[in-house]
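The primary structure of each chain is shown beneath.
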Amino acid sequence: MKWSALHVHPSRLRTAPALRAIESDDGSTTFAVDGLVCGMCAARTRSALSGTEGVRGVEVDLERGVAVVRHEGDPPRLATMQRAVDRMVIALPVRRLLDRLTHRRARSARTTA
């Protein structure tokens with residue numbers, strides 16, 4: 001897949017990168033990847049997931065915010081994949097703080113409504 005390094009999703013900066021499996025079959029698993037901001041994030045995510053044991057290939061779609069991971073045997077563990085993504089994230093502590101603040105504000109708004 002090709003990415004434009006200049007195409008940016010600034011609203012995604014408020015979300016700490018997180019993976020969740022959304023589809024799986026023999027040989028591949030599709031993960032939603034929250035917090036993909038730009039082409040560089042997508043490339044770094046692909047690189048991080050590709051380096052995980054048992055992974056044969058990875059395609060990352062920035063626009064949809066998904067990664068398709070082709071693997072041997074059982075799907076890689078979600079925790080292992082998340083650690084790989086965490087290692088590549090730029091400004092992870094700041095993004096986690098923004099994520100917590102955004103969720104706290106949303107919870108406050110729901111309880112006062």
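Everything below is about the structure printed above this text.
Peer 1: Could you clarify how one ought to interpret the sheet that holds strand 1 (residues 18–25) in this entry?
Peer 2: The pairing of strands in a sheet happens through backbone hydrogen bonds and is either parallel or antiparallel. What the four strands build is an open sheet, ordered 1-2-4-3; its pairing is antiparallel. For this open sheet the edge positions go to strand 1 and strand 3 (55–61), each flanked by a neighbour on one side alone. Neighbour-to-neighbour, the strand axes of the sheet open up by a mean angle of 25°, direction not taken into account. The sheet strands contacting helix 1 (residues 39–50) are strand 1, strand 2 (28–34), strand 3 and strand 4 (66–71), and the helix crosses strand 3 at an angle near 165°. Set on the sheet, helix 2 (residues 78–88) makes contact with strand 1, strand 2, strand 3 and strand 4; between it and strand 1 the angle comes to about 135°.

Peer 1: I keep staring at the pairing of strand 4 and nothing clicks. Help me out?
Peer 2: Along any regular strand, the residues point their side chains to alternate faces of the sheet. Pairing geometry for strand 2 and strand 4, over five bridges, is antiparallel. The partner of alanine 32 across the bridge, within strand 4, is valine 66. Bridge count for strand 3 against strand 4 is six bridges, and the pairing is antiparallel. In the strand pairing of strand 4, valine 60 is matched with alanine 67. Joining the antiparallel neighbours strand 3 and strand 4 is a turn of four residues, in which glycine 65 adopts a positive phi near 70°.

Peer 1: What is the right way to look at the pattern of salt bridges in this model?
Peer 2: Pairing between side chains of opposite charge can happen when their charged atoms approach one another. The final tally for this structure, using the stated rule, is three salt bridges. Arginine 64 is the partner of aspartate 61 in a salt bridge, and the nearest nitrogen-oxygen pair spans 3.7 Å. Residue aspartate 61 is classed as buried on the basis of its relative accessible area of 17%. You can call arginine 64 exposed: its relative accessible area is 58%.

Peer 1: How should I be thinking about the packing of helix 1 against helix 2 in this particular structure?
Peer 2: Close contact between helix 1 and helix 2 brings their axes to 9 Å; oriented N to C, the two are set at 135°. Between helix 1 and helix 2, the angle is such that the two are oblique. When the axes of helix 1 and helix 2 are compared, the crossing they make is right-handed. Each of Cys41, Arg44, Thr45, Ala48 and Leu49 in helix 1 lies in contact with helix 2, whose residues at this interface are Met81, Ala84, Val85 and Met88. The residue inventory of the contact of helix 1 with helix 2, partitioned by class, reads seven nonpolar, one polar and one charged.

Peer 1: Would you mind going over the nonpolar core with me for this structure?
Peer 2: Taken as a class, soluble globular proteins show a tendency for nonpolar side chains to be buried jointly. Within the largest apolar cluster, 20 residues are counted, with the highest numbers of intra-cluster contacts made by Leu19, Leu36, Leu49, Val58, Val60, Val69 and Met81. For this core, the elements supplying multiple residues, two or more each, are strand 2, helix 1, strand 3, strand 4 and helix 2. Discounting chain neighbours no more than four positions away, the residues touching leucine 49 are Leu19, Val55, Val58, Ala67, Val69, Met81 and Val85.

Peer 1: I keep staring at the side chain of glutamine 82 and nothing clicks. Help me out?
Peer 2: Residue placement: glutamine 82 occurs in helix 2. Among the polar contacts made by the side chain of glutamine 82, one reaches the main-chain amide nitrogen of leucine 19 at a distance of 2.8 Å. The contact partners of glutamine 82, leaving out residues within four places of it in the chain, are Pro17, Ala18 and Leu19.

The rules behind each value
Residues numbered from 1 in each chain as written. Predicted model: local features only at pLDDT ≥ 70, side-chain atom pairs only at ≥ 80, totals over all residues. Heavy atoms only, no water. Pairing = 2+ DSSP bridges. Helix = DSSP H or I, 4+ residues; strand = E, 2+ residues; numbered from the N terminus. Axes fitted to C-alpha atoms, helices over the stretch in contact; angles between N-to-C directions. Contact = heavy atoms within 4.5 Å. Salt bridge = Lys/Arg side-chain N within 4 Å of Asp/Glu carboxyl O. Buried < 20%, exposed > 50% of the residue type's maximum accessible area, 1.4 Å probe, protein only. Parallel < 35°, antiparallel > 145°, perpendicular 65-115°, else oblique. Left-handed = near helix turned anticlockwise from the far one by under 90°. Nonpolar A, V, L, I, M, F, W, Y, C, P; charged D, E, K, R; others polar. Core = buried A, V, L, I, M, F, W, Y, C linked by side-chain atoms within 4.5 Å. Polar contact = N/O pair within 3.5 Å; in protein donor to acceptor, adjacent residues only side chain to side chain.

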